[in-house]
Amino acid sequence: MLDLGFVRGNLEFVEEKLRARGADPAALLGDFRALDKSRREAITHAEKLKARRNELSQRVGALKKAGRNDEAAAAMEETRALKEKLEELDKSAIALDEELRLALARVPNLTRDEVPAGASEADNKVVKSWGEKRQFDFEPRPHWEIGEALGILDLERAAKLSGARFAVYMGAGARLERALISLMLDLHTRKHGYKEVLPPFMVNSKSLFGTGQLPKFADDLFRCSDADAEAAARGEFKDSDHWLIPTAEVPVTNLYRDEILDEARLPISLTAYTPCFRAEAGAAGKDTRGIIRQHQFQKVELVKFTRPEESDAEHEKLTRDAEEILEALDLPYRRVLLCTGDTGFSSAKTYDLEVWLPGQQLYREISSCSNFEAFQARRANIRYRPSAGLEGGARAKVEFVHTLNGSGLAVGRTWLAILENYQQADGSVEIPEALRPYMGGMDRIVKESR
């Protein structure tokens, strides 16, 4: 969420940034100036009336003491009238406050100046490429054909169990998924210094508001029977309802919601494996073949909490940590800086890592690494107190941390990238060297019985 004072003092700049995202400032903010002016006028008027009420209260005592009871009664009557006006003003200020809060909750983060202008992924900027694309002496096949032929991917039975956009991994396919999770967690914890977290797979609506999924993206989420999407749309974010997590970003970021962190602990680097659940409400007709876009999938997430002045450097480091997984598996990829129109709601700057898929002859996103600056921290009220004191020994004022996250990596997409990049002419799939210790020494996946 953006800071109210910043929006008030930089409204034209904010509107320009929103237009660069392809958003309509009027639709998001309404008549912000008029709304903010009415709110401040109500508060100012209320403060004047409270001052007058306090003055009258003191005067009543003095008048009674002086025996001027008629004047005291008149002052008391004015005090009662002021109380009624104050109650009306308080209600008005609260309503205007809520309207302003909901307006700010709808507004996306402002993208950084270095983010390229653009309307869609076609305007994204490739900033790095790594690895050599493999050359095949046969026509490479897509992962769904390879997996089904080997008996390690069963989409038909998954549809029988759960419907479209689900998968069943069998035999070596299931083991490969588990091996990838273990490899990713081991590299991130042992080499990159992240602390592993195993969070709940269900969260409340306050958590989803904190990271920016609610209220805007309620239709993309799976909710439990105690969750009320209409209440969330009205800005009623509860701590007693439940939604399935769309990513570990949500529970891990909200670990420190409403807390003040010690500066000495920053940066905090956490990693978590979780299943993820997404309704894919806007994905009708997209990626209907294979396992690119699923309602349930596994992911290893990276989350950081940093000082504001360190978030750029930590963003680069987090992105490199994700890239090293792809390099360990020798999977060709590229790093893409997303344009303004393709950057996510909560992000100020995002790199996508896209892996090469020879069976489809295209790059596909396998990780998004984002710097949210203080946007999520302000929504979730995650702060830190700078250790440097002020003159006279006073404690420094608390500030919002910057939050970052990225996939390290999306496990299912890494799985399918291995099938497509390591496929052999005889239909088998070679296991990357880095994964063989996690596969019991297995060096190749061959056809299994379904």
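A brief structural summary.

Thresholds applied
- Residues numbered from 1 in each chain as written.
- Predicted model: local features only at pLDDT ≥ 70, side-chain atom pairs only at ≥ 80, totals over all residues.
- Heavy atoms only, no water.
- Pairing = 2+ DSSP bridges.
- Helix = DSSP H or I, 4+ residues; strand = E, 2+ residues; numbered from the N terminus.
- Axes fitted to C-alpha atoms, helices over the stretch in contact; angles between N-to-C directions.
- Left-handed = near helix turned anticlockwise from the far one by under 90°.
- Contact = heavy atoms within 4.5 Å.
- Salt bridge = Lys/Arg side-chain N within 4 Å of Asp/Glu carboxyl O.
- Buried < 20%, exposed > 50% of the residue type's maximum accessible area, 1.4 Å probe, protein only.

### Let's talk about the sheet that holds strand E13 (residues 383-385)
- Spatial ordering of the open sheet is given by E7-E13-E14, a layout of 3 strands whose pairing is mixed. What marks the edges here is a single partner per strand, and that holds for strand E7 (260-262) and strand E14 (399-400).
- Sheet topology places E7 next to E13; 3 bridges connect them, and they run parallel. Bridge assignment links Asp 262 to a residue of E13, and that residue is Arg 385.

### Regarding the packing of helix H8 (residues 172-191) against helix H14 (residues 411-421)
- Between H8 and H14, the shortest axis-to-axis distance is 10 Å and the interhelical angle comes to 115°. Like other packed secondary-structure pairs, H8 and H14 cross with a definite hand, here right-handed. Together, Gly 173, Leu 176, Glu 177, Leu 180, Ile 181 and Met 184 of H8 and Val 411, Gly 412, Thr 414, Trp 415, Ile 418 and Leu 419 of H14 make up the contact between the two elements.

### Comments concerning the pattern of salt bridges
- This structure, assessed with the given rule, holds 32 salt bridges.
- One salt bridge in this structure joins Arg 8 and Asp 36, with 2.6 Å as the shortest N-O distance. Taken together, the positions of Arg 8 in helix H1 (residues 4-9) and Asp 36 in helix H4 (residues 32-65) put the pair 28 residues apart, joining distant regions of the chain.
- Look at Arg 8 and you get partly exposed, because its relative accessible area is 31%.
- Between Arg 335 and Glu 323 there is a salt bridge, and its shortest N-O distance comes to 2.8 Å. Taken together, the positions of Arg 335 in strand E10 (residues 333-337) and Glu 323 in helix H12 (residues 311-328) put the pair 12 residues apart, joining distant regions of the chain. As far as burial versus exposure is concerned, Arg 335 and Glu 323 are alike and both buried.
- The structure contains a network of salt bridges with shared partners spanning Lys 128, Lys 191, Glu 316, Arg 320, Glu 323, Glu 324, Glu 327 and Arg 335.

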